[in-house]
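Descriptive analysis of the structure
As a plain string of letters, each chain reads:
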Amino acid sequence: NNWLLIFIITFFIQLLIASTGAIFSPFFVLIHLYIIGLALYFNFWIAVSFLVMEIAVIFLNINLDQNLFKLVKQDFGSVLLYFASILVITPVTNLLAQKYNLKSDVLKALFRQLSSQATILEQIDDFVFTTDTNLIVLNANDAARKIINIKEDNKTITDLINLIDETGKTLTTQKLLNSLETI
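Residues numbered from 1 in each chain as written. Predicted model: local features only at pLDDT ≥ 70, side-chain atom pairs only at ≥ 80, totals over all residues. Heavy atoms only, no water.

**Some details on unusual backbone geometry**
Unlike most non-glycine residues, leucine 135 shows phi in positive territory, near 65 degrees. Turning to its location among the elements, leucine 135 is positioned in the loop between β1 (129-131) and β2 (137-140). Among the residues examined, leucine 135 registers a relative accessible area of 6% and is labelled buried. (Helix = DSSP H or I, 4+ residues; strand = E, 2+ residues; numbered from the N terminus. Buried < 20%, exposed > 50% of the residue type's maximum accessible area, 1.4 Å probe, protein only.)

Here it is, written out as structure tokens:
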């Protein structure tokens, strides 16, 4: 699942940069941000593989677009500076992540936040549960578990609770989703 997400984001960034002027694209900074994110969230080698693919796409784009090729020839110093910056960002991010344990510190902070939110959810005496965008129940507190019997995964709100609209008709998941879209 993570690999598919990485592929989609990588493809989008490469398409965006290639279609808006490659090395002269106003979105060129996305390469830097994405490499930092990959290096911190995944690892150094995934960031390097994205970097290699991005450089190949940029070189291909420059060679296929004659206008872009002329711009590169006119301002070759800037092009070298851009490439130096994206080549330096990966090892620098890796070095900082290792030296200052950024990855573990970020993950610890995220887990502390999630733990705190879970604790708050469990301490609420009211009926509380969370859902995804398709209204499938992801989590419920003890009060909610006592009222509704959640035994199976992938149950929607309407599978667990009989919801009634203002006319007295039972709401289906689709009707509820449609009404939420208009809000």
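Moving on from the coordinates now.
**Some details on the nonpolar core**
By size, the foremost hydrophobic cluster in this structure holds 25 residues, and its most contacted members are Ile31 and Leu38. In terms of residue count, the dominant contributor to this core is helix α3 (residues 44-64) (seven residues). When neighbours within four sequence positions are excluded, leucine 38 is seen to be in contact with Ile6, Asn43, Ile46, Ala47 and Phe50. Ranked by size, the runner-up nonpolar core spans eight residues in total, among them Leu135, Val137, Ile157 and Leu176. (Core = buried A, V, L, I, M, F, W, Y, C linked by side-chain atoms within 4.5 Å. Contact = heavy atoms within 4.5 Å.)

**Describing a nonpolar patch on the surface**
Residues Leu4, Phe7, Ile8, Phe11 and Leu15 make up a contiguous nonpolar surface patch of about 540 Å² in total accessible area. As for its placement among the helices and strands, leucine 4 is situated in helix α1 (residues 2-19). (Patch = residues over 30% accessible without salt bridge, like charges linked within 9 Å, V, L, I, M, F, W, Y side chains within 5 Å. Areas by Shrake-Rupley, 256 points an atom, 1.4 Å probe, with all protein chains shown as cover. Salt bridge = Lys/Arg side-chain N within 4 Å of Asp/Glu carboxyl O.)

**Let's talk about the packing of α1 against α3**
Running from N to C, α1 and α3 point in directions that differ by 30 degrees, and their axes come no closer than 10 Å. Of the possible angle classes, the one that applies to α1 and α3 is roughly parallel. As for the relative orientation of α1 and α3, their crossing is right-handed in sense. Of α3, the residues touching α1 (which contributes Trp3, Ile6, Thr10, Ile13, Gln14, Ile17 and Ala18) are Ile46, Phe50, Met53, Glu54, Val57 and Asn61. The residue makeup of the contact of α1 with α3, split by class, is nine nonpolar, three polar and one charged. (Axes fitted to C-alpha atoms, helices over the stretch in contact; angles between N-to-C directions. Parallel < 35°, antiparallel > 145°, perpendicular 65-115°, else oblique. Left-handed = near helix turned anticlockwise from the far one by under 90°. Nonpolar A, V, L, I, M, F, W, Y, C, P; charged D, E, K, R; others polar.)

**So, the packing of helix α2 (residues 29-41) against α3**
The geometry of α2 relative to α3 is characterised by a closest axis approach of 7 Å and an angle of 155 degrees between their N-to-C directions. Taken together, the axes of α2 and α3 lie roughly antiparallel to each other. Listed contacts from α3 to Ile31, Tyr34, Ile35, Leu38 and Ala39 of α2 are Phe44, Ile46, Ala47, Phe50, Leu51, Glu54 and Ile58. Here the contact of α2 with α3 is built from residues that sort into eleven nonpolar, no polar and one charged.

**Focus: α3**
Two residues of an α-helix separated by three or four positions point the same way, owing to the 3.6 residues in each turn. An ideal rise of 1.5 Å per residue puts 30 Å on 21 residues; α3 measures up with 30 Å between its terminal C-alpha atoms. Along α3, the positions that sit buried rather than exposed are Ile46, Ala47, Val48, Phe50, Leu51, Glu54, Ile55, Ile58, Asn61 and Ile62. Packing partners of the buried residues in α3 comprise α1, α2, α4 (66-74) and α5 (76-99). (Expected span 1.5 Å × (residues − 1).)

In short, the description is geometric, and any link to function would need to be established separately.
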